[in-house]
Amino acid sequence: MLSSGSHDEGVADCRVQKVVVQPFLGDILMFLENMQEIRRELENTLGKGKVLSEDFILSSYIRDGTLFYYPLNKPSVIVFPDSSEDVQKIIKIANKYKIPVVASAGRTSSWGAVDSNQGIAIDMCRMNKVIEIDKKNLTFTVQAGVNVHHMNRELVKNGFYYPTHPLNMAPISFGSEVCKNTGGEVGCMYGHAAKRVIGLEVVLGNGDILKTGSSRVIKNVPYFQQSGLPDLTQLFVAAEGAYGVITEVTMGMQMVPVAHQGMDIKFEGSMDGFRSIIDVCQELRMRKGIACNAHLVDFYCMWVFERGFAGKGVEVDGEVVRKKFGHILIVEIDSFVSEEECDLKREAVLEICKKHGGQYIGDEMAKAFEAGIRGECAVTKALFNESSPMVPFWADLPYEYVTPFYEKSLDLLDRYNWPRKRMGFIGAFGDESCLTFYFTYPNPHDTADVEKSIEVNLRILELYTEMGAIPYRTGRIWRPYILDKLDPSYLSYVRSIKKKFDPNNIMNPGVSVFEEEY
Amino acid sequence: MKIGKEFVEKMKKNEAYRKVYECLCCGACASLWPNEHRCSMATRYQGSEANPRGLNWIIQSLLEDKLSFSPGLVDFVFRCTTCNQCTVNCPASLEPRSYIEALRRDLVEEGAIPKSVMEVFQSVSRFGNVWGKSKNERSSWAKDSDIKTVSEAKDFEYLLFLGDSAYVERNQETIKKLVNVLQKSGVRFAYLGNEERSSGNEILRMGEAGLFEMLAEQNISLFKKYGIKKIIALSPHSYHALKNEYPKIDLDLKVEAIHYTQLIRDLLVKGKIRFSKDLNIKAAYHDSCYLGKHNSIYEEPREILSAIPGLVLVEMDYAREKSVCCGGGGGAQWIERGDGVVVENIRFKQAMDMNLDVLVTACPLCAQQFEAAKEYFSEGRMIVRDVIELVYDAL
């Protein structure tokens, strides 16, 4: 249980309703006593330039995308490996002293996923080499700290791209993509990391280096997804670093589409309109490949965008927005054949939308979303211009529950007197999944407002789990809500693997579902 | 240096610092950099959090009494080159540079300044320039030139403001060529000679607002004394100070400041500059931060270069508002480098990988930084040139 406070006096702590597991509580004092020795050993082993422990530098690692929800522990030392062998040395020392280790790169993870537990924080940013781009077999291999945006810039020069890119400018690494099984806003159609990852190199918690990928383990063959050998890769997908540190990633890439079109379809800004959009998305989903991407931006989120585009502090009439935009469905279409094929798909999509009451209003939002993929931030700036939002909740919902969830969530906001003007909902729909983003906008300078927002969001989280949502990532915050819903046999095997790979439980202890609760 | 609790108490009352609580931790302040680089603040500590986002959490820790100031932290604050990338990128409109500069101002007031920065302040205070050289050496480059000072010239339209680049041998070549091109184009101009003082841009960026005000007032009094109405600035840093900061010092100041590339482009359009030589080179233009990100001047240098016969102009990766800083601005050139990122080498290497004949810039500070990078790489083939040098070569 974490205490509350005020950053007018001290800190805006979060208040988490359920107990957060801190399995290292007993051992923290022991390794902290040895910290000088540990730092010295790391410096002697890795070299001084790879180890930082000045207090202000450690303080720069106290937050990630979790923001107000969970005040991360300050690490005791930060290390900067540039090879798998360096990582192995770090893990060896960590096992010797039984000190927790967590790896991160871009630090945009959320939900308390990368808490150092006051131990060693591995900053993967120097593991940033592109090892290979295999144009014939459509794969690329990178060290885990390579930035997704940077990689796409390189791939696009060669006519390829990695399609599960995030719709913002964050420094997201490939190691993180796998640890969190992300896919960004286009992952729903082209697949999340789980689908794209071919193989990995991992330094396990026991110090062993393990290569995975059913073809990656055969010497002198290129990397394919399919082979006749058992594939351990998926064990590490969404493991949030609890089994080991991912040091290399091989991903599938694809050709840049020959043609691309986008369109904004307006639906009534009501529950009926929302329901219609979900029906459209279900129909699009049935016709595999007709659209590469479909985003629902609800009326409240459109209102946020309009306020964002208008400028900070500028008032925008909600009813004008509702009349002009309603709920918007942004559909993007790719073709790997021709512009004509794109046109055909477009017509088919418009027919479906029209059947359900949708009206084509242009492609402004579609273009803004597409530009975001190139790192042009107009969309994200508009979204964030209101104020810093709470960490948005991302969860996959079964299609049939999206509308009832949305309806109940609005009722919940009303019950808690949270103004609907300060929320937004985005859905990313595809044949792979139905990923929803739910966010509220607190005033970060008003502790009471922040705490209320946390409480509202945790109620939304409960609502998600009641309605069968799958966490987009578990971290530490979602864990208490999901544990009792998991199959005990599954949990048992996940935990057995944890004990095998990480016998001393040094790898990101407390994250996700890998340990018993107490 | 010792910074006590009173300093932090003062920080708590300053609204500028409260902005750090609005940070989303999105990392946009650093993300659009090339893969191997985060921010110029990483010149000692190469890590993902040696950037404005990390500084936000440091400031939060200070405000919450969880962290004390240290010499290392003070040093870190002075590593920012004020390139403005964080401000351009930030989706929450935090303008990190504004509170980095606020923190510098507060530290300067407290007397908590890195030694090398203090030396620059002392140099400016004594000699009116950042290099510690005599005021009388400012126009030493002009001994073989027929450029006239404002007191000598009978009639002139523009003041040519050279800034402290006039003391740097490498940049003196640029100056001579600029003077030559302006004369050949029929521009009526003069310069302040040894009366000129540093524009003070880097002094202001480093937090010495009082010293900057002194410099600005000295220069402004000269503008008024000589009836200056229009100024051509050689350096984007001087340009930025003259255009954006000086009017805040003197609200009655009625002077139009332009960067020289703006004038040269106009002269080209009017046919006052004609090229006769084919340069036969492949070149890329590097957008300097103070011309580009701070003042949105991107096209004029490109238009000039595109007009030069035989010059094939290619675009660098990370161009215009995404340009990678040369690492010299904001006082960073005077901060002792550590084992971290060598900023100018990153940009220079990008240029080398493009197989260029010439890396072009319109900023004397960028030119200095890249010449240093050239020495580091022992790169023989690619040369560094200012835009005006290529104009001169093609005349």
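Here the structure is shown first, and the text comes after it.
All of the points below concern the structure found in this document. Quick caveat, the model's predicted, so the values are computed rather than measured.

What chain B contains, in helices and strands, is 17 helices and 8 strands. Here the C-alpha coordinates of chain B stretch approximately 65 × 50 × 35 Å along the principal axes. Buried positions account for 65% of the 395 residues belonging to chain B. Long-range contacts, defined as pairs at least 24 residues apart, comprise 80% of the intrachain contacts of chain B with a sequence gap of at least 6. Summing over all exposed atoms, chain B offers an accessible surface of approximately 14400 Å²; the carbon and sulfur share of this is 46%. For chain B, the distance from the average position of its 53 positive side-chain charges to the average position of its 54 negative side-chain charges is 2 Å.

Turning our attention to unusual backbone geometry. One non-glycine residue, W111 of chain A, adopts positive backbone phi at about 60°. Here W111 of chain A shows up in the loop between β3 (101-104) and β4 (120-123). Residue C25 of chain B is not a glycine yet carries a positive backbone phi of 60°. Note that C25 of chain B resides in the loop between α2 (15-18) and α3 (28-31). For C25 of chain B, a relative accessible area of 2% corresponds to the buried category.

The grouping of E339, E340, D343, E347 and E351 of chain A at the surface amounts to a negative patch. With respect to the helices and strands, the residue E339 of chain A is situated in helix α13 (residues 339-355).

All names here are of chain B. All chains considered together, the criterion is met by 0 disulfides over all chains. C80 takes part in no disulfide bond, and the closest cysteine sulfur, belonging to C86, lies 6.1 Å away. Of the residues examined, C80 reaches a relative accessible area of 8% and is grouped as buried. You can see C325 has no disulfide; the closest cysteine sulfur is in C289, sitting 3.9 Å from it.

Going through the model one piece at a time under the given rule, you end up with 32 aromatic pairs over all chains. Ring centres of F348 of chain B and F377 of chain B lie 5.9 Å apart, and the angle between their planes is 10°; on these two criteria the pair is classed as stacked. Here F348 of chain B, found in helix α15 (residues 343-352), pairs with F377 of chain B, found in helix α16 (residues 364-377); they are 29 residues apart in sequence, far enough to count as distant. Here F348 of chain B falls in the buried class, since its relative accessible area comes to 0%. Members of the aromatic cluster, connected to one another through ring pairs, are W111, F274, F405, Y406, F425, Y438, Y464 and W478 of chain A. The lysine or arginine in question, R322 of chain A, covers the ring of F299 of chain A, its NZ or CZ lying 4.1 Å from the ring centre. Geometry around W418 of chain A places R422 of chain A over its ring, the cationic atom sitting 4.5 Å from the centre.

One turn of the α-helix equals 3.6 residues, which is why residues spaced by three or four share an orientation. Residue and element names in this part refer to chain B. Spanning 12 residues, helix α4 (residues 52-63) covers 16 Å between terminal C-alpha atoms, matching the ideal 16 Å at 1.5 Å per step. Considered for burial, the residues of α4 that qualify are P52, R53, G54, L55, N56, W57, I58, I59, Q60, S61, L62 and L63. Its side-chain oxygen placed 2.9 Å from the backbone nitrogen of R53, N51 serves as the N-cap of α4. D65, located one to two residues past α4, shows a positive phi value of around 60°.

All names here are of chain A. Buried residues dominate strand β12 (residues 259-267), accounting for 8 of its 9 residues. Looking at chain direction, β12 and strand β14 (residues 327-335) are connected through 9 bridges and run antiparallel. Paired with K266 across the two strands is I328, which belongs to β14. Relative to strand β15 (residues 359-362), β12 runs antiparallel, the two being bridged by 3 bridges. For K266, the partnering residue across the bridge sits in β15 and is Q359.

Criteria and thresholds
- Residues numbered from 1 in each chain as written.
- Chains lettered and ligands numbered in written order.
- Predicted model: local features only at pLDDT ≥ 70, side-chain atom pairs only at ≥ 80, totals over all residues.
- Heavy atoms only, no water.
- Helix = DSSP H or I, 4+ residues; strand = E, 2+ residues; numbered from the N terminus.
- Buried < 20%, exposed > 50% of the residue type's maximum accessible area, 1.4 Å probe, protein only.
- Contact = heavy atoms within 4.5 Å.
- Areas by Shrake-Rupley, 256 points an atom, 1.4 Å probe, with all protein chains shown as cover.
- Lys, Arg positive; Asp, Glu negative; His and termini not counted.
- Charge placed at Lys NZ, Arg CZ, Asp CG, Glu CD.
- Patch = residues over 30% accessible without salt bridge, like charges linked within 9 Å, V, L, I, M, F, W, Y side chains within 5 Å.
- Salt bridge = Lys/Arg side-chain N within 4 Å of Asp/Glu carboxyl O.
- Disulfide = S-S within 2.5 Å.
- Phe/Tyr/Trp six-rings, centres within 6.5 Å; stacked < 30°, edge-to-face > 60°.
- Lys NZ or Arg CZ within 6 Å of the ring centre and 35° of its normal.
- Expected span 1.5 Å × (residues − 1).
- Polar contact = N/O pair within 3.5 Å; in protein donor to acceptor, adjacent residues only side chain to side chain.
- Pairing = 2+ DSSP bridges.

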